[in-house]
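This is what each chain is made of:
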Amino acid sequence: MFMYGHCIYKYNGIAISRSNLWHKLETGRLLNEATPPPGETMSVVYGFEARAVVAEGRITTAQIEHVKAWLTAENLHLTDEQVVLFSLSCLNEPEDTKTTIRAYCTTKKIHPVLFTDRSMRQSELQQQLQVVDFAVFPRRTVDGCAIVFHSLRDPNFRRYHMETAMKLLLMTLDAAIYDHPSTGLVMLFDMKGVGLLHLTRVRLKAVQVFCQYLQEALPVKLTEIHVLNTVNFLEKVLNILRPFVKTELFEKIKFHSTRLDMDEFHAKYVPRECLPADYGGELGPLEVLAEGNARRLLELETFFEAEENQQRRNII
């Protein structure tokens, strides 16, 4: 639980103040309280239960059990809720689901830099949040798609660290589907403030891994990507991406210039009620939404740690 207008948080089911929360972080008490006793394995717990999604008619118990039997044979470890997420992302096609799960486990095992050390106590994560904004908008689209947003807060290219920013974005994607599986994912990137010198901060390996994860391993169906306020050197950016992005993904990307008619954008792509006031929407200010997302990632520290431990057990 977090409240935008008040510094009240909920940890382990107990409401605590912001000062108390940060005191726990600084002294290490939060980590100790979140750690299970010796010999016990911390489980990956979501904000929903698989049986609830079955009750909604979106998947059957038999479909879940089919994938779980395959996981056992492959010596891979996922919870029922993770199986549900992957199955729904693949429209409940079992072979596509297995392929996506294997890509997920393989990517995280071979390229751990974007998927480990995700504690918000890490100074590099805290510092990068002074440079970039991320948010999961609280209202989904009419057809149930989650909306994730990313933009620059500070245009100083020297402060931008691509790998850390990508890690925060991937954490935000996890947060977007933590409470309940969405029917899809809409991503919004605002390029306002991005300068040519930001390209000097590009790390090609990170770009490759990030693109691979989005295209082959994401536990939610990626439906649309909107790039707002495109820059005049966009072609240079695309030249960096082209070796790693398949045609299918490029077809999902819509580029919008600084002359974008927001009324048209609301009518054609993302409705006003799903966007912050900064983009002509009915939600609160982006700054408040981004701060709420940062707090949410802090609340999910135990989840991220458990998921990392889970992936270490998987044999690829």
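The residue count restarts for each chain, going from 1 along the sequence in the order it is written. In keeping with the model being predicted, local features are shown solely for residues with a pLDDT of at least 70 and side-chain atom pairs are shown and tallied solely at 80 or more, while totals for entire chains, interfaces and linings include all residues. Calculation of side-chain values draws on the structure's entire complement of heavy atoms; hydrogens and water are dropped beforehand.

(A) Region of interest: the overall build of the chain. Numbering of helices and strands starts at the N terminus; helices are DSSP runs of H or I of at least 4 residues and strands are runs of E of at least 2. What the chain contains, in helices and strands, is 14 helices and eight strands. For the chain, buried positions account for 49% of its 316 residues. In what follows, a contact means two residues having at least one pair of non-hydrogen atoms within 4.5 Å. Expressed as a percentage of contacts within the chain between residues at least 6 apart in sequence, the contacts between residues at least 24 apart total 75%. Only the protein chains shown count as cover for residues, and the accessible areas themselves come from Shrake-Rupley with a 1.4 Å probe. About 15300 Å² of surface is accessible on the chain, with carbon and sulfur atoms providing 52% of the total. To sort residues, take the accessible area from a 1.4 Å probe on protein chains only and compare it with the maximum for the residue type: under 20% means buried, over 50% means exposed, and anything in between is partly exposed.

(B) Structural detail: the side chain of aspartate 133. Inspection of the secondary structure puts aspartate 133 in strand β4 (residues 132–136). Residue contacts for aspartate 133: discarding those within four places in its chain leaves Phe149, His150, Ser151, Arg153 and Ala290.

(C) Summary view of the pairing of strand β5 (residues 145–152). Of all eight residues that make up β5, eight are buried, and the element is covered over most of its length. Alternating positions in β5 separate into two faces, Cys145, Ile147, Phe149 and Ser151 on one and Ala146, Val148, His150 and Leu152 on the other, with burial throughout. Whether two strands pair comes down to DSSP finding at least two bridges between them. Sheet topology places β4 next to β5; five bridges connect them, and they run antiparallel. Pairing of valine 136 across the sheet is with valine 148, part of β5. Sheet topology note: the β5/strand β6 (residues 184–190) ladder contains seven bridges and is parallel. What sits directly across from serine 151, in β6, is aspartate 190. A crossover links β5 with its parallel partner β6, the connecting element being helix α8 (residues 162–176), and its sense is right-handed. Seen with its strands pointing away from the viewer, a crossover is right-handed when the path leading from the first strand over the helix to the second is clockwise.

(D) Summary view of the pattern of salt bridges. We define a salt bridge as a side-chain nitrogen of Lys or Arg found within 4 Å of a carboxyl oxygen belonging to Asp or Glu. Counted by the stated rule, this structure contains 20 salt bridges. Among the ionic pairs, arginine 118 bridges to aspartate 174, the shortest N-O distance being 3.5 Å. Pair noted here: arginine 118 is in the loop between α6 (94–110) and α7 (123–128) and aspartate 174 is in helix α8, with a separation of 56 residues, a long-range link. Residue classification places aspartate 174 among the buried residues on the basis of a relative accessible area of 10%. The residue arginine 118 makes a salt bridge to glutamate 308 at a minimum N-O spacing of 3.0 Å. Of this pair, arginine 118 sits in the loop between α6 and α7 while glutamate 308 is found in helix α14 (residues 301–313), placing the two residues 190 residues apart along the sequence. Taken individually, arginine 118 and glutamate 308 each receive the classification buried, so the pair is uniform in this respect. One continuous salt-bridge network, built from bridges that share partners, spans Lys108, Arg118, Asp174, Glu307, Glu308 and Arg312.

(E) Focus on helix α9 (residues 204–216). In a regular helix each residue adds 1.5 Å, so 13 residues correspond to 18 Å; α9 covers 18 Å between its end C-alpha atoms and thus fits that length. Within α9 the residues assigned to the buried category are Ala206, Val207, Val209, Phe210, Cys211, Tyr213 and Leu214. Contact partners of the buried residues in α9: α6, α8, β6 and α10 (234–241). Multiplying one less than the number of residues by 1.5 Å gives the expected span of a helix.

(F) Structural context of the sheet that holds β5. Strand order in the open sheet made by the five strands is β4-β5-β6-β7-β8, with mixed pairing throughout. In the strand order of this sheet, the two ends are held by β4 and β8 (253–255), each with one partner. On average, each strand axis in the sheet is inclined to that of its neighbour by 15 degrees, with strand direction left out of account. The sheet contacts of α8 involve β4, β5 and β6, and relative to β4 the element is tilted by about 10 degrees. Angles run from 0 to 180 degrees between N-to-C directions of axes, and those axes are lines fitted to C-alpha atoms, restricted for helices to the stretch in contact.

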